[in-house]
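Per-entry structural report
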Amino acid sequence: MSGIRSVLTFLVILFLSGPVLGQQDPKQTARDYMQVAEEMITGTKALDDARGLMVLAADLDTTFLKANYDAGYLHLLTINKELAVKYFLRVYRQNPDYRFDLQYWIGKSYQYGLDFDNALRFYNEYKQRLESKSHYQGKDRVPMETVDKSIVECMNGKDLVSHPGNFSIVNIGREINSEFEDYGPVLNEKEDEIIFTTRRREGNLNQNVAEDNKPFEDIFIAYKKGGAWGYAANIGTEINTPYHDSNLALSADGKTLYILKDEGGGDIYYCQQRSDGTWASPVPLPGKVNSSFEEKSITISRDGKTLYFSSNRPGGLGGIDLYMATKDAKGEWSNVKNLGAKINTEFDEEGPFIGYDMTTLYFSSKGHKNMGSYDIFKSTYDPKTNTWSDPENLGYPINTPDDDIFYITSSDGKRAYYSSVREDGLGYTDIFIVTTPEGMKDAVATVKKEPTEPVASTSSGASKKELVPLTYMISVVDADTKSPLAAKIRLQGLSDNIVVGSTPVKAGVYEFRITSPSPKDYLLSVEKTGYAFVNQNVNIRGASANPQTATRTIELRKLSVGTTSILRNIYFDYDRATFKTESYTELNKLEKMMRENPRISIEIGGHTDNYGHWKYNHTLSQHRAEAVKDFLTKKGIDPRRVKAVGYGESKPLASNDDEEDGRALNRRVEFKVLQN
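All values reported here derive from a predicted model rather than from experimental measurement. (Residues numbered from 1 in each chain as written. Predicted model: local features only at pLDDT ≥ 70, side-chain atom pairs only at ≥ 80, totals over all residues. Heavy atoms only, no water.)

With that out of the way, let us pick up the packing of aromatic side chains. This structure, assessed with the given rule, holds 25 aromatic pairs. A ring pair is formed by Tyr73 and Trp105, whose centres lie 5.4 Å apart and whose planes are at 85°; its orientation type is edge-to-face. Remark: Trp105 occurs in helix 7 (residues 102-112) and Tyr73 occurs in helix 5 (residues 65-77); sequence separation between them is 32 residues. Of the residues examined, Tyr73 reaches a relative accessible area of 30% and is grouped as partly exposed. Centroid distance Phe579 to Tyr584: 6.1 Å. Interplanar angle 75°. Geometry classified as edge-to-face. (Phe/Tyr/Trp six-rings, centres within 6.5 Å; stacked < 30°, edge-to-face > 60°. Helix = DSSP H or I, 4+ residues; strand = E, 2+ residues; numbered from the N terminus. Buried < 20%, exposed > 50% of the residue type's maximum accessible area, 1.4 Å probe, protein only.)

Next up, the structure:
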């Protein structure tokens, strides 16, 4: 603890002396930042803080190869892994031989960003280097088998991303999630009680921080009443300690909670809920499940007679394997068996969950047909043949090149819950609800009465009973030159987040296939480094009996001084400056733009309509602008790069006489580029 505090004190002094350092040679300033970052890495595990400092050093001196390489590598070790490529490429362009494995890590960062073609290009470039120097045994050598696996993952990823699953993935909400890590959700069968692990500050039993400069893990609990979740709270001192505590599983009736303890390399304990709703102290799981090796996850069958768990004990097929055990007459767990080669691979398997049908097993694996790190799979047990089916990848967008793990389902199989880092997250890792295609059949879609995209119909002999997908063509161009731009583009349902598959046609042109049978509202997102991002809400006509094509052109504006953009998808609670859950997609886009373009400074402008007193409106708009700035600075953006200004009702875009076309447009948040 004292080591972290001394380093952070040094960091604060360095930060506060920023204006002074700015008068020095930028190259020397970059080395000062890097010195602090390296001390943090050596003396603590505060990698997120070290990454921020290393990025400052790299951006101050783009020729400082070590700082740029380390900035990239620290991204791979933390979050925003796809941003690592920017720093690795700086090194590569100046000295492609800086490290023997440089091309491999460039490929890895492209893989995390779903840019599989560029990832394959650099993986193959690294393979050629490895083949030409087959006797090289330096520490910066990545083995050929690792490279080949990464190449296979990219090929799998291309296939999975081009055919996204028909899943609705929605943030469970701010009542459960926080700006810190929230993960490992477990629910009872009624789905009116959720228990999860969090590293949030508020409600944590230990007000100090762990060695990585983040709050300790604590277990939290929340209840659903009237169809809405109440705010989560600490589960209490009977279960939580002042240090790390995490949950693993919950019985169907919600009366038995299984948790992880660090003892014995990682052992499983359980807690019983008393009749008054309080919890008894944790006790070790009886029987032969726990060992002197790691047991890190567990799931119990609905009837309470069979459990599945993960362990790295000897005798497995490689790494972490999944095992099963049954309860004997004494109530102890025995008859421990490895699930075998159909489930386990030479790589790691983790996070098992046995469905309520007691035959469908969900688990995460670094093997099988995955697209990188842990992917979630499912396999079905056949009691007649005593065999498991071939594991099936749940597909994109549930799975990504990063870790996807600890997936659980509802009793009817129509919903699932898991944690992930996604664009609409409130912080690092958030908990999301996944609605399966079966569950969506019961949902009633609501469509706004808005003009739909213009379409061009072509003749077809297709049967009237058949629905032909609508071809939706997006062209991305520079707003000034009208030249095509290769960009990151995404189209997904506005309310359900169902992703539409896309195919690049040519430079700056992308094709989407709309299969929804009815008109639907979508969020169209377009991003490119050096340009203001675009998030547009569009209503698109559905599939029909005849082939149809709709086209749209998106103009991206460079982040030159004076460029302004309206953040239309930021929503506040009524008469307050607190964000609604649906605001975080837009906020995270803004944060990412600031990270990718470290030289820009912006003004956040808050605006209102003229309803109410002008002085009150001005104060409200100032608080809302400051809320956006506060979000950015909490994510590590230098506060000196963000200016918050409240304009109240002084700069309307339209007449305030009409709600939909006037006042609604005037209630907005904008950003304006002040420096670049």
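Turning next to helix 12 (residues 614-634). Taking 1.5 Å of rise per residue, 21 residues should cover 30 Å, and helix 12 covers 30 Å from first to last C-alpha, within 8% of that figure. Among the residues making up helix 12, those that are buried are Asn617, Leu620, Ser621, Gln622, Arg624, Ala625, Ala627, Val628, Phe631 and Leu632. The inward-facing, buried residues of helix 12 abut helix 11 (584-596), strand 32 (601-607), strand 33 (642-648) and strand 34 (668-675). (Expected span 1.5 Å × (residues − 1). Contact = heavy atoms within 4.5 Å.)

So, about the sheet that holds strand 29 (residues 534-540). Spatially, 25-28-29 is the arrangement adopted by the three strands of the open sheet, whose pairing is antiparallel. Two strands lie at the open edges of the sheet, namely strand 25 (488-493) and strand 29, each paired on one side alone. The sheet shows a mean angle of 20° between the axes of neighbouring strands, direction not considered. Judged from the seven bridges that link them, strand 28 (residues 520-527) and strand 29 form a sheet pairing that is antiparallel. Looking at strand 29, one finds that Lys520 is bridged to Ile540. Where helix 11 meets the sheet, it contacts strand 25, strand 28 and strand 29, and its direction lies at approximately 10° from that of strand 28. (Pairing = 2+ DSSP bridges. Axes fitted to C-alpha atoms, helices over the stretch in contact; angles between N-to-C directions.)

Before going further, it helps to examine the side chain of Asp140. Inspection of the secondary structure puts Asp140 in the loop between helix 8 (116-132) and helix 9 (144-162). Once residues within four sequence positions are removed from consideration, Asp140 is found in contact with Arg99, Phe100, Asp101 and Tyr126.

Each neighbour pair has its own omega, and for Tyr396 with Pro397 the value is 10°, a cis peptide bond. Structurally, Pro397 can be placed in the loop between strand 19 (392-393) and strand 20 (405-409). The backbone of Asn386 sits at a positive phi, close to 55°, despite the residue not being glycine. Take Asn386: it is sitting in the loop between strand 17 (375-382) and strand 18 (387-388). For Asn386, a relative accessible area of 55% corresponds to the exposed category. With a phi close to 65°, Asn497 is a non-glycine residue in the positive phi region. On the secondary structure map, Asn497 appears in the loop between strand 25 and strand 26 (502-506).

This paragraph deals with the sheet that holds strand 9 (residues 267-272). The strands making up a sheet associate through backbone hydrogen bonding, with each pair oriented either parallel or antiparallel. Taken together, the four strands give an open sheet; going across it, the order is 7-8-9-10, and neighbouring strands pair in antiparallel fashion. Of all the strands in the sheet, just strand 7 (246-250) and strand 10 (283-284) have a single pairing partner and so form its edges. Where strand 8 (residues 256-261) and strand 9 come together, six bridges link them in antiparallel fashion. Bridge pairing in strand 9 links Ile259 to Tyr269.

This next bit is on the pairing of strand 28. In summary, the side chains of a regular strand alternate between the two faces of the sheet. By the criterion of burial, strand 28 is predominantly enclosed, with eight of the eight residues buried. Covered by surrounding structure in strand 28 are Lys520, Tyr522, Leu524 and Val526 together with Asp521, Leu523, Ser525 and Glu527, the residues of both alternating faces. As defined by bridge partners, strand 25 adjoins strand 28 across six bridges and the pair is classed as antiparallel. Paired with Leu491 across the strands is Leu524, a residue of strand 28. Taking the residues that link successive antiparallel strands as the turn, the strand 28-strand 29 hairpin has six residues, and the phi of Gly530 there is positive, at about 95°.

Turning next to the pairing of strand 3 (residues 193-198). Strand 3 sits mainly inside the fold: six of its six residues count as buried. Every second residue of strand 3 is oriented toward a common face, with Glu193, Ile195 and Thr197 on one face and Ile194, Phe196 and Thr198 on the other, all of them buried. Sheet analysis places strand 2 (residues 182-187) next to strand 3, joined by four bridges and oriented antiparallel. Directly across from Leu187, in strand 3, lies its bridge partner Ile194. Between strand 2 and strand 3, which pair antiparallel and follow one another directly, the connecting turn spans five residues, one of which, Glu191, has a positive phi of 60°. When strand 3 meets strand 4 (residues 218-225), the two strands line up antiparallel, connected through six bridges. If you follow Phe196 over to strand 4, its bridge partner there is Phe220.

Moving on: the nonpolar core. Core analysis: the largest hydrophobic core is formed by 30 residues, its most contacted members being Phe88 and Ile106. In this view, Phe88 contacts Tyr69, Gly72, Tyr73, Leu76, Leu102, Trp105, Ile106 and Ser109; residues no more than four positions away in its chain are not counted. Leu567, Phe579, Met593 and Phe631 belong to the second largest nonpolar core, which has 27 residues in total. (Core = buried A, V, L, I, M, F, W, Y, C linked by side-chain atoms within 4.5 Å.)

Moving on, we come to the side chain of Lys261. Examined against the element boundaries, Lys261 turns out to sit in strand 8. Those residues within four positions of Lys261 in sequence are excluded, and the remaining contacts are Ile239, Thr241, Asp245, Gly266, Asp267, Tyr269 and Pro282.

Moving on: the environment of Asp496. Along the chain, Asp496 falls in the loop between strand 25 and strand 26. In this structure Asp496 comes out as buried when scored by relative accessible area, which is 16%. Sequence-wise, Asp496 and Val477 are 19 residues apart; in three dimensions their C-alpha atoms are separated by 28 Å. A distance of 2.9 Å separates a polar side-chain atom of Asp496 from the backbone nitrogen of Ile498. (Polar contact = N/O pair within 3.5 Å; in protein donor to acceptor, adjacent residues only side chain to side chain.)

Okay, the packing of helix 7 against helix 9 next. Following both chains from N to C, one finds helix 7 and helix 9 inclined at 25°, their axes separated by 11 Å at the closest point. In this view, helix 7 runs roughly parallel relative to helix 9, as classed from their interaxial angle. In this structure, helix 7 meets helix 9 at a crossing whose hand is left-handed. Mapping the contact onto sequence places Tyr104, Lys108 and Gln111 in helix 7 and Thr146, Val147, Ser150, Glu153 and Cys154 in helix 9. Of the residues belonging to the contact of helix 7 with helix 9, the class tally is three nonpolar, three polar and two charged. (Parallel < 35°, antiparallel > 145°, perpendicular 65-115°, else oblique. Left-handed = near helix turned anticlockwise from the far one by under 90°. Nonpolar A, V, L, I, M, F, W, Y, C, P; charged D, E, K, R; others polar.)

The next subject is the confidence of the model for the protein chain. The pLDDT averaged across the protein chain works out to 89; a share of 91% of its residues lies at or above 70. Highest mean pLDDT in the protein chain belongs to helix 7 (98); lowest belongs to helix 2 (residues 18-22) (45). Long-range and interchain partners of residues 1-10, a stretch whose pLDDT sits below 50, account for 16 contacts in this model, where long-range means more than four residues apart. Scored below 50 in pLDDT, residues 455-464 makes 19 contacts in the model with residues more than four places away or belonging to other chains. (pLDDT = per-residue confidence, 0-100.)

All right, on to the pattern of salt bridges then. Summed over the entire model, instances satisfying the criterion amount to 40 salt bridges. Arg199 is the partner of Asp212 in a salt bridge, and the nearest nitrogen-oxygen pair spans 2.8 Å. With a gap of 13 residues between them, Asp212 in the loop between strand 3 and strand 4 and Arg199 in the loop between strand 3 and strand 4 connect regions that are remote in the sequence. Neither residue differs from the other here; Asp212 and Arg199 are each classed as buried. Here Lys634 makes a salt bridge to Asp630, at a shortest N to O gap of 3.4 Å. Of this pair, Lys634 and Asp630 are both found in helix 12, four residues apart, which corresponds to roughly one turn of the helix. A relative accessible area of 51% places Lys634 in the exposed class. Here the residues in one salt-bridge network are Asp48, Arg51, Glu181 and Lys214, joined through shared partners. (Salt bridge = Lys/Arg side-chain N within 4 Å of Asp/Glu carboxyl O.)

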